[in-house]
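# Residue-level structural notes
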Protein chains: 2
Amino acid sequence: MRTVRWDPDGPAVFMIDQRLLPAEFQILTLKTADEVVQAIQEMAVRGAPAIGVSAAFGLALAAVNSRAQEVESLWQELETASGKLRAARPTAVNLSWALDRLLQAASEFKGKGTEAIQEHLVAEAQCMADEDVRINRRMAEHGAALIPDGATLIHHCNTGALATVDHGTALGVIRTAHEQGKRLHVLVDETRPRLQGARLTAWELAQYGIPHEVICDNAAGYFLSRGVVDAVLVGADRVAANGDVANKIGTYMLALAASDNQVPLYSVLPTSTIDLTLPSGAEIPIEDRDAAEVLDLQRSGKPIAPAGCQARNPAFDITPHRLVTAFVTEVGVLHPPYDVHLRRAVQEAQTK
Amino acid sequence: MRTVRWDPDGPAVFMIDQRLLPAEFQILTLKTADEVVQAIQEMAVRGAPAIGVSAAFGLALAAVNSRAQEVESLWQELETASGKLRAARPTAVNLSWALDRLLQAASEFKGKGTEAIQEHLVAEAQCMADEDVRINRRMAEHGAALIPDGATLIHHCNTGALATVDHGTALGVIRTAHEQGKRLHVLVDETRPRLQGARLTAWELAQYGIPHEVICDNAAGYFLSRGVVDAVLVGADRVAANGDVANKIGTYMLALAASDNQVPLYSVLPTSTIDLTLPSGAEIPIEDRDAAEVLDLQRSGKPIAPAGCQARNPAFDITPHRLVTAFVTEVGVLHPPYDVHLRRAVQEAQTK
């Protein structure tokens, strides 16, 4: 079961509704690009690779739903849809990456008429989804080699099958290490405010049969300081050219605690998450989300704070590259100096 | 309105039930030492100074409820009650400190009969409660001098009137600085798992008219890294002789983030929280609390994680003394070397 997939009988996109897990498992059927935009904004789908592929499918929907007779008017509709999809969430670069790649590929069919463009967009988006799974499995193989047998790991947010099309990034590494027969124990950061760890990662780990315990994000430092943790694994939403990482809020504090206790921190990501156009993390836009995510836990309708209380809700933070032990990508494990090795990895991935 | 107070018409102890705030304001009436033990364990009352005074009142209840005719049997009952109160929670040293002080004071009345002991215990416990408020105000004066006008502060857990008999420790500093006319803005760490920040600190700040916003504990590092925070204020549950601090879970990661951004972190505490018998934080016992506090947010009955999921719930962590910019106590602001200055502060407090 893929997190996001194309319905050839649609046209439509199927998505697991991640807002309802683990209490309910429901599949959304989205029929327009606007519905995909909304699903991304409301985090029915989340995770940098998953929203990249979702945006690609959204653009494919815009194409096949179009009644344009002329290439030029179709193209204009595609650019409008692409603008909305691109703006759905600002931090993960995979959104832009997927849309740019799709438009680039489709532009080669401009001379062949609207139908050719439509067909090609759908095919290319599906190809991108398949590729995501292959890339994740390669990443996972590279990363699993870093995980010792008997390891206790801390994992932040959700980076599993649900954050991608399938298998996952950081959680994919854990899954592959487990499949290799390594005995693992995962301390699952609950990941406030939206609890992707407690809700989604714990749900995935239970399905894979990997032993785990949920902890408050606050408690990661305690376990690291007690010497019981062998490695910290996180994903990434955008990596700047110097190796600074935008990732789910809390990653920076977790990385500080790992570093303070000489525990390695690995950031696991496809090269599509690397943004060589930004020299450092300071230039990565950080999304501010609704205060209600903080104050109205689990949308219970019972706010945790007094009535009228305000909240701030930055969804990501920047972990400076000095706190990252290594990046795990589909082309291999990257060590410092990151400015050199990230650039080389992107080139290598493009020529493959 | 004091958090904890003696009912002379009782005998009974009145306590604000902090489990229900901010939704409900209810006063508990506790009539036995065992009820006080339970209130401390279940965190109807919490905060190192508040549970110290609560334990003192608990022992006073044990005394006045006793039907012992002989000093020796009364004394035995007091030791039994004191043992239970002492074991109610292991980390905050104020519990033991208060009980030791009370028993020591009462032992001087052993020659004067049971009634004299009973009367003296009640009087001494009340005296301790009054003293807590005076001490907090002195601490707050010392601490407020460290807070610049216009400051943005991060505050962890609750260290206000509710964590003490009145006024508070770290939050008392903020309150006094506000009373001095300083313009302040407080970023309130929500403080998972029990949300003392979002529930109690935000409630107090609203009453004092101090501007504030709740943030996920995860987000403190983000704000610190953006250069918008002037100081971090925390309390303490136990400080070892070398200055290592046991405090609410998450303090260590917060302190790392403050240090990484050259933002001062102040730990505010009465000298009764200093435990010179322990050379370092490694010897401070850390309480493991119920997994349900993590998994069943706000006791909603709707767990955040999949059914059957396990959790770990250490209630405190140790912040190494190297991450503490200064301690604020009733005898003044203490800078490194802490092994020298903490010892001197305890001596100074005892001779006052």
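First, a word on scope: everything that follows refers to the structure included in this document.

The rules behind each value
Residues numbered from 1 in each chain as written. Chains lettered and ligands numbered in written order. Predicted model: local features only at pLDDT ≥ 70, side-chain atom pairs only at ≥ 80, totals over all residues. Heavy atoms only, no water. Phe/Tyr/Trp six-rings, centres within 6.5 Å; stacked < 30°, edge-to-face > 60°. Helix = DSSP H or I, 4+ residues; strand = E, 2+ residues; numbered from the N terminus. Lys NZ or Arg CZ within 6 Å of the ring centre and 35° of its normal. Contact = heavy atoms within 4.5 Å. Buried area = accessible area lost by both parts, 1.4 Å probe. Salt bridge = Lys/Arg side-chain N within 4 Å of Asp/Glu carboxyl O. Polar contact = N/O pair within 3.5 Å; in protein donor to acceptor, adjacent residues only side chain to side chain. Least-squares fit on C-alpha atoms with pLDDT ≥ 70 in both. Pairing = 2+ DSSP bridges. Axes fitted to C-alpha atoms, helices over the stretch in contact; angles between N-to-C directions. Core = buried A, V, L, I, M, F, W, Y, C linked by side-chain atoms within 4.5 Å. Buried < 20%, exposed > 50% of the residue type's maximum accessible area, 1.4 Å probe, protein only. 1 Å grid on protein atoms, 1.4 Å probe; cavity = no way out; pocket = protein on both sides within 12 Å on 5 of 7 lines; lining within 4 Å. Points joined across faces, edges and corners; volume = space filled by probe spheres on them. Nonpolar A, V, L, I, M, F, W, Y, C, P; charged D, E, K, R; others polar.

## Comments concerning the packing of aromatic side chains
Aromatic ring pairs: the centre-centre distance and the angle between the two ring planes describe each pair. Under the criterion given, the structure shown has eight aromatic pairs over all chains. Between Phe327 of chain A and Tyr338 of chain A the ring centres are 4.7 Å apart and the planes differ by 75°, which places this aromatic pair in the edge-to-face class. On the criterion of sequence distance, the pair formed by Phe327 of chain A in strand β13 (residues 326-329) and Tyr338 of chain A in helix α11 (residues 338-351) is long-range, its members being 11 residues apart. The residue whose ring lies beneath Arg175 of chain B is Tyr208 of chain B, and the NZ or CZ to ring-centre distance is 4.1 Å. Sitting over the face of the ring of Phe316 of chain B, Lys248 of chain B holds its NZ or CZ atom 4.4 Å from the ring centroid.

## Thoughts on the interface of chain A and chain B
In this assembly, 53 residues from chain A lie in contact with 53 residues from chain B. A combined buried area of about 4200 Å² lies between chain A and chain B, and 63% of that area is made up of carbon and sulfur atoms. By the criterion of area lost to chain B, the three top residues of chain A are Asn218, Met253 and Arg312 of chain A, representing 18% of everything that side buries. Counting across the interface, chain A meets chain B through six salt bridges. Across the salt bridge formed by Glu213 of chain A and Arg312 of chain B, the nearest N and O atoms sit 3.7 Å from each other. At the surface where chain A touches chain B, the tally comes to 20 residue pairs in polar contact (both at pLDDT 80 or more). Here the side of chain A that touches chain B gets six residues from one element, more than from any other, and that element is helix α9 (residues 251-260) of chain A.

## Quick word on the relation of the copies chain A and chain B
With an RMSD of 0.0 Å, the operation that places chain A on chain B is a rotation of 180° combined with a shift of 0.0 Å along the axis. These values place the two chain copies in the arrangement generated by a two-fold rotation axis.

## Some points on the sheet that holds strand β4 (residues 152-155) of chain B
Residues and elements named next belong to chain B. In space, the seven strands of this open sheet follow the order β6-β5-β4-β7-β10-β13-β14, with mixed pairing throughout. Edge strands, defined here as strands with exactly one partner in the open sheet, are β6 (212-215) and β14 (332-334). Adjacent strand axes in the sheet meet at a mean angle of 25°, parallel and antiparallel pairs treated alike. Where β4 meets strand β5 (residues 185-189), four bridges bridge the pair, whose relative direction is parallel. Within the sheet, the bridge partner assigned to His155 lies in β5 and is Val188. Taken strand by strand, helix α5 (residues 114-144) contacts β10 (265-268), β13 (326-329) and β14, and its axis lies near 140° from that of β13.

## Things to note about the nonpolar core
The biggest cluster of nonpolar side chains holds 87 residues, and the ones touching the most others in it are Leu224, Val232 and Phe327 of chain A together with Leu224, Val232 and Phe327 of chain B. Not counting residues up to four positions away in its chain, the partners in contact with Leu224 of chain B are Ile154, Val229, Val232, Leu254, Ala257, Ala258, Asn261 and Val263 of chain B. One finds Ile135, Ile147 and Val268 of chain A together with Ala305 of chain B within the second-largest nonpolar core, a separate group that totals 72 residues.

## Some words on the side chain of Asn136 of chain A
Residue and element names in this part refer to chain A. Looking at where Asn136 falls in the secondary structure, it is placed in helix α5 (residues 114-144). Of the polar contacts made by the side chain of Asn136, one reaches the side chain of Thr164; its length is 3.4 Å. Beyond its immediate stretch of four places on either side in the chain, Asn136 contacts Thr164, Asp166, His167, Gly168 and Thr169.

## Topic: the layout of surface pockets
Each pocket or cavity is described by its volume, and for the largest pocket that value is around 1400 Å³. Together, 47 residues line the largest pocket, and Leu297, Gln298 and Ser300 of chain A together with Leu297 and Ser300 of chain B are the ones closest to its centre. Of all the elements in the fold, those that place two or more residues in the lining of the largest pocket are α10 (292-295) of chain A together with α10 (292-295) of chain B. In the lining of the largest pocket, the residues fall into 24 nonpolar, four polar and 19 charged.

Keep in mind these numbers describe shape, not what the thing actually does.
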